[in-house]
Amino acid sequence: MDKKLLIIDGLNLIRRLYAALESEQDLGRRVERTQSIAIEALAKLSHQFEPSYAVVVFDSNGKTWRHKVYPEYKLGRVPMDDALLDSLADFARVFRFNNWPCLRIDGWEADDLIATLAVKAAQNNVKSYIVSTDKGFTQLLGDDRILQYDYFAKLGYDKIWVPGKYGVEPHQLTDYWALVGDTTNRIPGVKGIGPKTALGIIREFPTIEDIYANTASFSERIQKMLTGGYEQCLLSRSLVELKTDVDIGVRLSQLRYQHK
């Protein structure tokens, strides 16, 4: 049997399950119900994927390297309810009690840890399934051994899906997002450049460096939009690009999943 690593984007799962229970007025009860439903979701996922290894990855508290290089990162996002924020350690305890290894490293977003785990697993010929609705993970799907699964929509994403959705290959997504921006995380693109224009530009020249080295090839309108945006594009690309070399300090063998 092929070895599989199931990686759960912990906060992504928890926040969506919690949001679905907004009619529950008692916040303590709402958190308890979310924990119970989350365990059910994990059980369904383990049954569906039958992983050899599994891990639930959490964001660290406080600011990360992205906030340091770009203070406006994620500014304006709806904050998490205090009741949920205060209970995250309890979620991890409940998950561990149910045989789910959990991972959180100070100063790092879950996204970078997940990307590192998936890429390292792929290098060891282990197929990874990233369970998250976060579009940022689609940049990893150029590798056949990395797939994404949306638990709520019950949809799987692979490298064939990416061009159909965005019009570019997975490895081109970070340059594409540098042009159009990432509104979810408050990362700016180039003013005036939307998806259609960005695709036309990237088809001509595939990277930010190539684009700005060949601005004279574009129409006057596009040249005007691109003017003065080089440094911002490089910064935006670095912010949307997931780190795949975080020193996690965890061996794959430590994430072995014990099927009940």
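- The protein goes by Protein Xni in an unreviewed UniProt entry, where it is assigned to Marinomonas foliarum.

1. Quick notes on the domain arrangement of the protein
- As far as domains go, the protein holds domain 1 (4–163) and domain 2 (168–240).
- In this structure, domain 1 and domain 2 have C-alpha centres spaced 29 Å apart.
- Each partner contributes residues to the interface: domain 1 has 19 residues there, and domain 2 has 16 residues.
- In total, domain 1 and domain 2 occlude about 1500 Å² of area from one another, counting both sides; carbon and sulfur atoms represent 57% of this.
- Of all residues in domain 1, Tyr70, Lys135 and Gln139 bury the most surface against domain 2, accounting for 37% of the area lost on that side.

2. Things to note about the sheet that holds strand 6 (residues 155–157)
- Ordered in space as 3-2-1-4-5-6, the 6 strands form an open sheet in which the pairing is mixed. In this open sheet, the two strands that pair with only one neighbour each are strand 3 (102–103) and strand 6.
- Of the pairings in the sheet, the one linking strand 4 (residues 127–131) to strand 5 (residues 146–150) comprises 4 bridges and is parallel in character. Bridge pairing in strand 5 places Ser128 opposite Ile146.
- Sitting on the sheet, helix 2 (residues 27–49) is in contact with strand 1 (4–9), strand 2 (53–57), strand 4 and strand 5, with an inclination near 155° to strand 1.

3. So, the layout of surface pockets
- Computed from the structure, the largest pocket encloses a volume of approximately 1300 Å³.
- Sort the elements by how many residues they give to the lining of the largest pocket and helix 1 (residues 10–19) lands first, with 5 residues.
- Tallied by class, the residues present in the lining of the largest pocket amount to 17 nonpolar, 11 polar and 13 charged.
- Mapped onto the domain boundaries, the lining of the largest pocket takes at least three residues apiece from domain 1 (4–163) and domain 2 (168–240).

4. Overview of the environment of Lys224
- Following the sequence through the fold, Lys224 ends up in helix 11 (residues 220–226).
- Looking at Lys224, the relative accessible area reads 70%, which means it is exposed.
- Separated by 16 residues in sequence, Lys224 and Val240 have C-alpha atoms that sit 24 Å apart.

5. Re the packing of helix 8 (residues 173–180) against helix 12 (residues 230–240)
- Where helix 8 contacts helix 12, the two axes come as close as 8 Å, and the packing angle between them is 125°. By the angle between their directions, the pair helix 8 and helix 12 is classed as oblique. Like other packed secondary-structure pairs, helix 8 and helix 12 cross with a definite hand, here right-handed. On helix 12, the residues touching Thr174, Asp175, Trp177, Ala178 and Leu179 of helix 8 are Cys233, Ser236, Arg237 and Val240.
- Taken together, the residues of the contact of helix 8 with helix 12 sort by class into 5 nonpolar, 2 polar and 2 charged.

6. Here we look at the side chain of Asp150
- Secondary-structure assignment places Asp150 in strand 5.
- Buried charged residue Asp150 carries no salt bridge. Nearest counter-charge: Arg16, at 6.8 Å.
- Within the local environment of Asp150, its side chain forms a polar contact with the backbone nitrogen of Phe152, the two atoms lying 2.9 Å apart.
- Excluding anything up to four places from it in sequence, Asp150 contacts Ser132, Thr133, Leu155 and Tyr157.

7. A closer look at empty space enclosed by the protein
- In this structure the tally under the stated criterion is 1 cavity of 30 Å³ or more.
- Considering the residues around the largest cavity, the lining is formed by Asn12, Leu13, Val131, Ser132, Thr133, Tyr149, Asp150, Tyr151 and Phe152.
- Residue assignment for the lining of the largest cavity shows that the elements contributing at least two residues are helix 1 and strand 5.
- Residue composition of the lining of the largest cavity, grouped by class: 5 nonpolar, 3 polar and 1 charged.

8. A few points about helix 6 (residues 110–123)
- Taking 1.5 Å of rise per residue, the 14 residues of helix 6 would be expected to cover 20 Å, and the 20 Å separating its terminal C-alpha atoms lies within 8% of that figure.
- Here helix 6 lies mainly inside the structure; 12 of its 14 residues are buried.
- Of the residues making up helix 6, those classed as buried are Ala110, Asp111, Asp112, Leu113, Ile114, Ala115, Thr116, Leu117, Ala118, Val119, Ala121 and Ala122.
- Where helix 6 is buried, its residues contact strand 1, strand 2, helix 3 (65–69), strand 3, strand 4 and strand 5.
- Looking one or two places after helix 6, you find Asn125, whose phi comes out positive at around 60°.

9. Brief notes about unusual backbone geometry
- For Lys154, which is not glycine, the phi torsion reads 55° and is therefore positive.
- One non-glycine residue, Arg186, lies in the positive phi region at around 60°.
- The partly exposed category is assigned to Arg186, whose relative accessible area is 43%.

About the cut-offs
- Residues numbered from 1 in each chain as written.
- Predicted model: local features only at pLDDT ≥ 70, side-chain atom pairs only at ≥ 80, totals over all residues.
- Heavy atoms only, no water.
- Domains from an automatic or database assignment.
- Contact = heavy atoms within 4.5 Å.
- Buried area = accessible area lost by both parts, 1.4 Å probe.
- Pairing = 2+ DSSP bridges.
- Helix = DSSP H or I, 4+ residues; strand = E, 2+ residues; numbered from the N terminus.
- Axes fitted to C-alpha atoms, helices over the stretch in contact; angles between N-to-C directions.
- 1 Å grid on protein atoms, 1.4 Å probe; cavity = no way out; pocket = protein on both sides within 12 Å on 5 of 7 lines; lining within 4 Å.
- Points joined across faces, edges and corners; volume = space filled by probe spheres on them.
- Nonpolar A, V, L, I, M, F, W, Y, C, P; charged D, E, K, R; others polar.
- Buried < 20%, exposed > 50% of the residue type's maximum accessible area, 1.4 Å probe, protein only.
- Parallel < 35°, antiparallel > 145°, perpendicular 65-115°, else oblique.
- Left-handed = near helix turned anticlockwise from the far one by under 90°.
- Lys, Arg positive; Asp, Glu negative; His and termini not counted.
- Salt bridge = Lys/Arg side-chain N within 4 Å of Asp/Glu carboxyl O.
- Polar contact = N/O pair within 3.5 Å; in protein donor to acceptor, adjacent residues only side chain to side chain.
- Expected span 1.5 Å × (residues − 1).

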